[in-house]
Structures are given as C-alpha cells and as structure tokens.
Amino acid sequence: MASYTIPPVYAAFIWWFSTGAVLLLVGCARRFVWLQVTIAAFLVAVSLCGLAFSAGDANIGGAYIAFTSTILLWGAQEIAFLSGWVTGPRPEPCPVAVTGWKRLGPALAAILYHELTLLACGAAIAALTWNDVNQVALRTFAALWALRQSAKINLFLGVPVTNDELMPQHVQFLKTFFARKPVGAFFPISVTLATAVLVILIQRIVEVAATPFDVVGLTLVSTLFALGVVEHWFMLLPLPAITLWGWGMRSGFSPEDATMKQEPDAKATNAPPNVVVLASVRPDAAPSRPTQAACARQRLEDQFRQSFCEQHARDRLTTGLNISEAPAATVNGRTS
C-alpha cells in the first residue's frame, strides 16, 4: 500500500519545495552570489552521481534516487536560467514594433542558450542511464521538458493569467514576450494531450506495473505530470500561483515594487535647488519613520529657505544703498 500512497506525497512535496527554494535562492543572488554558484555546482555534482548510482538499481530506493537526482539537475539549470547566466544571445525585451508571430525570432534569441542547456541535461541523463533497468530519471526529465515547452508556447500565444510575478528580476525581460489574452486553440489541445498522457501513465500503474519498483517509478512520474497539468490550469483560472510559493519571494521586493519605491527618491534628488518637492500626506495617515525621500525633501526645503533669506537680505541691502546714494531733490535750485 505504501508504494501507492507515499510516492504522490513525495513528488508533490519535491515539486513545491524545489520551486520555492529556487526562487528564494535566486532572489538572494545580489547579496550571496557565491552561495548561489556553490549550490548550483553542488546540485549538478550530486545529481550526476545519483543518476550514475541508481541507473542499475531496480529497487524502490533506486526509483526515489533517480527521481530526486533528476529534480536536482533540473533545479540547477533553473538557477542558472533565472539568475540570467544562461538565457540567450539576445537577453533583451521584445521590440515594441514587433507583434504577432514576428515575436518568435526575438523570443527564441532570448532563451536559446537555456533551451540548449535543457537538451544537454537530457543527453547527460540518457548517457548515464542508457540500456539500464532504471529509467525513472529519463521519464521524469521527459515529463518536465514536455510540460515546460507546452507552458512556454501557451504563454507566448496568450493566456488570461501569466503569473509573471514569480519571475526574478534577472529575467524580467521575458515578460514582454508573454501575451495576456483569452486562450486560443493551442491551450485546449495541449491540456487534452497532457491529460491523455496522464491517463495512460495511471493505466500502466494499474495494469502493467508488476513490481513495487515499477509502481513507485510510474507513480512518481505520473504525479509530476499531474502537477504539470495543474500548472497549466493556473494560466486560465484566477488562482495566483504566488500563494503557493510566497515564502520563496520574501528575499526582496518584486521589481515593480522596487521601482515604485525608488521613484520618489529619484525625483527628490533630481529636483532643481529652487523647487520644493512636497509630499502628499493624507490627514488620516498614521505617522511613520522618516524615509530617505522625506529626508531629501527636508534638506531641499531647508536649502530653499536659506537661499531665500539670503537673497531677501541682499535685496534689502541693495535697496538701502540705492536710496542713500540718490541725489536730493531741489526746488528752484534749492534743496528741499
């Protein structure tokens, strides 16, 4: 019974935890770059060793090791991609004048190196497990790759919910290639095909799996495939995916929030010395600690008051000198 109940729970936990951990690590990249590089390299080394070790293991433990090693290798390449290390020859936003299918060329140029890295990871898994009894790793990678390509195509063609708030700052330019609109014909086709594959996998668990190893391996892959189908539905239903991985986004503000916070500072810094930048304060707003923008505005106000007083004093002095130097008025040649 444990061969049917434990694998779904384990696969769901690995799927949820690995996604949040990658987001958390990538979000801390600016402060701990060395840690990010170390963890990515460690994941690659551990995953390759695990794949080589479990390739000839036809036991339940071998199925778990192969599945976990594949997830670790996938997570390592996700760190490299979301950190902006491996994207494409043109890691730039989509040109404004380019619309429709013309976006395909710039989109491929933005992620070409990432796609080649995925193929390299698949080739490494195939080389380490080819003609061995344990094919869980290759099946797991094939499921991840197929579902990821389907999700990318749907985001490119257009879906109502893109969940782009999960994208780290380094790959924000990819949002310009997403189309937020009602779904087209590809979404139902892709979801239907993915659901059909999921049904086949479940059928093989019930009818074909003869050993606990087969049951565990197929259950792990089918659970991951089912979660991929659920991720597709996140593009259609108003269910924010950030609720699942909000803990992975706590390493800093999202780019939009950071931009909104920095705008007042830039305005106050760039303001000319004779202009006072006033803050909009609501009467019902609670008092808060002075921010950098408020301090900058206060300094500008003080400078303005000081320069105004100095200028006013100079004007009064000049007026007094002009009065004292003016010639006295005369009436019939006599001073009055």
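Residues numbered from 1 in each chain as written. Predicted model: local features only at pLDDT ≥ 70, side-chain atom pairs only at ≥ 80, totals over all residues. Heavy atoms only, no water.

Draft legend 1. Inspection of the packing of helix 1 (residues 2-27) against helix 3 (residues 60-82) at higher detail. Where helix 1 meets helix 3, the axes come as close as 10 Å, and the angle between the chain directions of the two elements is 20 degrees. In terms of axis orientation, helix 1 runs roughly parallel to helix 3. Crossing of helix 1 over helix 3 shows right-handed handedness. Residues Ser-3, Ile-6, Pro-7, Tyr-10, Ala-11, Ile-14, Ser-18, Val-22, Leu-23, Leu-25 and Val-26 of helix 1 pack against Ile-60, Tyr-64, Phe-67, Thr-68, Ile-71, Gly-75, Glu-78, Ile-79 and Leu-82 of helix 3. Each residue belonging to the contact of helix 1 with helix 3 can be placed in one class, and the counts come to 15 nonpolar, four polar and one charged. (Axes fitted to C-alpha atoms, helices over the stretch in contact; angles between N-to-C directions. Helix = DSSP H or I, 4+ residues; strand = E, 2+ residues; numbered from the N terminus. Parallel < 35°, antiparallel > 145°, perpendicular 65-115°, else oblique. Left-handed = near helix turned anticlockwise from the far one by under 90°. Contact = heavy atoms within 4.5 Å. Nonpolar A, V, L, I, M, F, W, Y, C, P; charged D, E, K, R; others polar.)

Draft legend 2. Structural detail: the environment of Gln-169. When you line up the elements, Gln-169 lands in the loop between helix 5 (136-157) and helix 6 (186-207). Gln-169 sits 86 residues away from Ser-83 along the chain, and the two C-alpha atoms are 8.2 Å apart.

Draft legend 3. The arrangement of the side chain of Thr-129 in detail. Within the element layout of this structure, Thr-129 appears in helix 4 (residues 104-129). Here Thr-129 falls in the buried class, since its relative accessible area comes to 2%. Apart from the residues within four sequence positions on either side, Thr-129 is in contact with Leu-51, Ala-55, Asn-134, Gln-135 and Leu-138. (Buried < 20%, exposed > 50% of the residue type's maximum accessible area, 1.4 Å probe, protein only.)

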